[in-house]
Amino acid sequence: MNPYILAILLFGLGLGTTITFASSHWLLAWMGLEMNTLAIIPLMAQHHHPRAVEATTKYFLTQAAAAATLLFASVTNAWLTGQWEIQQITHPLPSTMITLALALKIGLAPLHAWLPEVLQGLDLTTGLILSTWQKLAPFALILQLQPSNSTLLIILGLTSTLIGGWGGLNQTQLRKILAYSSIAHLGWMILILQFSPSITLLTLLTYLIMTFSTFLVFKLNKSTNINTLATSWAKAPAMTALTPLILLSLGGLPPLTGFMPKWLILQELTKQGLAPTATLAALSALLSLYFYLRLSYTMTLTISPNNLTGSTPWRLPSTQLTYPLATSTAMTICLLPLTPAISALLTS
């Protein structure tokens, strides 16, 4: 892609998200979301592969449906209450509609079906943008909204953690596994949103760091399915040794960074008298942990077939920058001891 066009599209992505962040009016927030969607579409379709075009079409249709629902709900709210302010949603009908529209935008279960399909059709770089940056603007709106319907959020959160775990169990494609991982993590964030927005922000931050590391590892390996992970030990032995730690951090095992948000969320849910919800969420994390362990096992404890197609990638040096990967990997593995400091920063 022409670097000038790429720069304009990335600027559009940044501007769309910034407009949504800065807006207090529903029309302005909607405009930011639309800019975001329209800026990423050429990035998704840049390879002109039938799968990429199909993924782009699916993404466009779902985002357009979510944006239309959001606009309809905000107009309904203005009609019922005379308010266009984001934080002045008092009527339950527009509040519920907006929550569901934003859930469709970020891919929360049961409105998640588009996410694995879309992510599977993209290359890893665009997939990384879709899994991280594209979640920020809708999340900012959900955080400002503080929906009145608390049961809806708990249902969305629990459904997402369960479906995110179950859906990834039978997958062999890494991008689909990462999509289900994303759904499960978003479920954890939504579960705690109404009780402690600061923990939601912390979970979002750790999710972004861990997902960034995982995508960069797969990009360095040029891996798109589980079998090609087995060739990585000959190309980058140090990275192959560290990758299981990144994956287990995504799964939420102590003493890795990914344990921090899960620990704080379960603690807060128990404080709020929602012990059954916390138990169900903790059990659903075991489902996700299974497929992260499966990836770790394939990568470190199996050797790929020694045929020509299997051995060729070993001899091809990667041109990818490793500084971002080194930084994000260190953060993915080592941040747990800083939990008190990070919590204090977020709550102050």
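Residues numbered from 1 in each chain as written. Predicted model: local features only at pLDDT ≥ 70, side-chain atom pairs only at ≥ 80, totals over all residues. Heavy atoms only, no water.

### Structural notes on the overall build of the protein
Consideration 1: Per the secondary structure count, the protein includes 18 helices and zero strands.
Consideration 2: Relative to the globule expectation of 20 Å for 348 residues, the C-alpha radius of gyration of the protein, 20 Å, shows essentially globular dimensions.
Consideration 3: For the protein, the C-alpha atoms occupy an extent of roughly 70 × 50 × 35 Å along the three principal directions.
Consideration 4: For the protein, the residues scored as buried account for 53% of the 348 residues in total. (Helix = DSSP H or I, 4+ residues; strand = E, 2+ residues; numbered from the N terminus. Rg over C-alpha atoms; globule rule 2.2 N^0.38 Å. Buried < 20%, exposed > 50% of the residue type's maximum accessible area, 1.4 Å probe, protein only.)

### Quick word on the packing of helix α4 (residues 92-106) against helix α8 (residues 150-169)
Consideration 1: The geometry of α4 relative to α8 is characterised by a closest axis approach of 11 Å and an angle of 20° between their N-to-C directions. As judged from the angle between their axes, α4 and α8 are roughly parallel. The two elements α4 and α8 meet at a crossing, and its hand is right-handed. Facing α4, whose interface residues are Thr 96, Thr 99, Leu 100 and Ala 103, α8 presents Leu 152, Leu 153 and Leu 156.
Consideration 2: Along the lines of polarity and charge, the residues of the contact of α4 with α8 split into five nonpolar, two polar and no charged. (Axes fitted to C-alpha atoms, helices over the stretch in contact; angles between N-to-C directions. Parallel < 35°, antiparallel > 145°, perpendicular 65-115°, else oblique. Left-handed = near helix turned anticlockwise from the far one by under 90°. Contact = heavy atoms within 4.5 Å. Nonpolar A, V, L, I, M, F, W, Y, C, P; charged D, E, K, R; others polar.)

### Description of the environment of Ile 190
Consideration 1: Inspection of the secondary structure assignment puts Ile 190 in helix α9 (residues 174-192).
Consideration 2: Expressed as a C-alpha distance, the spacing of Ile 190 and Ser 232, which sit 42 residues apart in the sequence, is 35 Å.

### Some points on the packing of aromatic side chains
Consideration 1: The final tally for this structure, using the stated rule, is three aromatic pairs.
Consideration 2: Judged by centre distance (5.7 Å) and plane angle (10°), the ring pair of Phe 259 and Trp 263 falls under stacked. One end of the pair, Phe 259, and the other, Trp 263, are both in helix α14 (residues 259-271), four residues apart, so they sit about a helical turn from each other.
Consideration 3: Given a relative accessible area of 24%, Phe 259 falls into the partly exposed group.
Consideration 4: Over the face of the ring belonging to Trp 188 we find Lys 262, whose NZ or CZ atom lies 5.2 Å from the ring centre. (Phe/Tyr/Trp six-rings, centres within 6.5 Å; stacked < 30°, edge-to-face > 60°. Lys NZ or Arg CZ within 6 Å of the ring centre and 35° of its normal.)

### Let's talk about α4
Consideration 1: An ideal rise of 1.5 Å per residue puts 21 Å on 15 residues; α4 measures up with 21 Å between its terminal C-alpha atoms.
Consideration 2: Among the 15 residues in α4, 11 count as buried, and that is most of the element.
Consideration 3: Elements in contact with the buried residues of α4: α2 (26-44), α3 (50-81), α5 (114-120), α7 (133-145), α8 and α9.
Consideration 4: Looking one or two residues beyond α4, the residue adopting positive phi is Gly 107, at roughly 90°. (Expected span 1.5 Å × (residues − 1).)

### Remarks on unusual backbone geometry
Consideration 1: Put simply, Ala 109 and Pro 110 share a cis peptide bond, and its omega is 5°.
Consideration 2: Relative to the helices and strands, Pro 110 resides in the loop between α4 and α5.
Consideration 3: In this chain, Pro 254 is followed by Pro 255 through a cis amide linkage whose omega measures 5°.
Consideration 4: Of note, Pro 255 is situated in the loop between α13 (237-251) and α14.
Consideration 5: Notably, His 48 is not glycine yet its phi reads approximately 55°, a positive angle.
Consideration 6: Structurally, His 48 can be placed in the loop between α2 and α3.
Consideration 7: The exposure class of His 48 is exposed, given its relative accessible area of 66%.
Consideration 8: Backbone geometry at Lys 222 places phi at a positive 55°, although glycine is not the residue there.
Consideration 9: Mapped onto the elements, Lys 222 comes out in the loop between α10 (197-221) and α11 (226-229).

### Quick word on α10
Consideration 1: A rise of 1.5 Å per residue sets the reference length of α10, with its 25 residues, at 36 Å; its end C-alpha atoms lie 36 Å apart and thus fit the reference within 8%.
Consideration 2: Of all 25 residues in α10, 19 are buried, a share of seventy percent or more.
Consideration 3: One or two steps after α10, the chain reaches Lys 222, where phi turns positive at roughly 55°.

### With respect to the domain arrangement of the protein
Consideration 1: If you check the domain split of the protein, you get domain 1 (1-103 + 110-123) and domain 2 (149-305 + 321-347).
Consideration 2: Using only C-alpha atoms to locate each centre, domain 1 and domain 2 end up separated by 24 Å.
Consideration 3: Taken together, the contact between domain 1 and domain 2 spans 13 residues of the former and 15 residues of the latter.
Consideration 4: Across the domain 1/domain 2 interface, buried area totals approximately 1,200 Å², and carbon plus sulfur atoms make up 73% of it.
Consideration 5: When the buried surface of domain 1 facing domain 2 is broken down by residue, Pro 116, Leu 119 and Gln 120 rank first, second and third, together holding 40% of it.
Consideration 6: A salt bridge links Lys 176 to Glu 117; the nearest nitrogen and oxygen atoms lie 3.5 Å apart.
Consideration 7: Across the domain 1-domain 2 interface, the total number found is four residue pairs in polar contact (both at pLDDT 80 or more).
Consideration 8: Elements that contribute at least two residues to the side of domain 1 that touches domain 2 include exactly α4 and α5.
Consideration 9: With five residues, α5 is the single largest residue contributor to the side of domain 1 that touches domain 2. (Domains from an automatic or database assignment. Buried area = accessible area lost by both parts, 1.4 Å probe. Salt bridge = Lys/Arg side-chain N within 4 Å of Asp/Glu carboxyl O. Polar contact = N/O pair within 3.5 Å; in protein donor to acceptor, adjacent residues only side chain to side chain.)

### Observations regarding a nonpolar patch on the surface
Consideration 1: A surface patch of nonpolar side chains, amounting to about 340 Å² of accessible area, comprises Met 1, Ile 5, Leu 6 and Leu 10.
Consideration 2: Examined against the element boundaries, Met 1 turns out to sit in the segment before α1 (3-22).
Consideration 3: Met 1 gets classed as partly exposed once you look at its relative accessible area, which sits at 46%. (Patch = residues over 30% accessible without salt bridge, like charges linked within 9 Å, V, L, I, M, F, W, Y side chains within 5 Å. Areas by Shrake-Rupley, 256 points an atom, 1.4 Å probe, with all protein chains shown as cover.)

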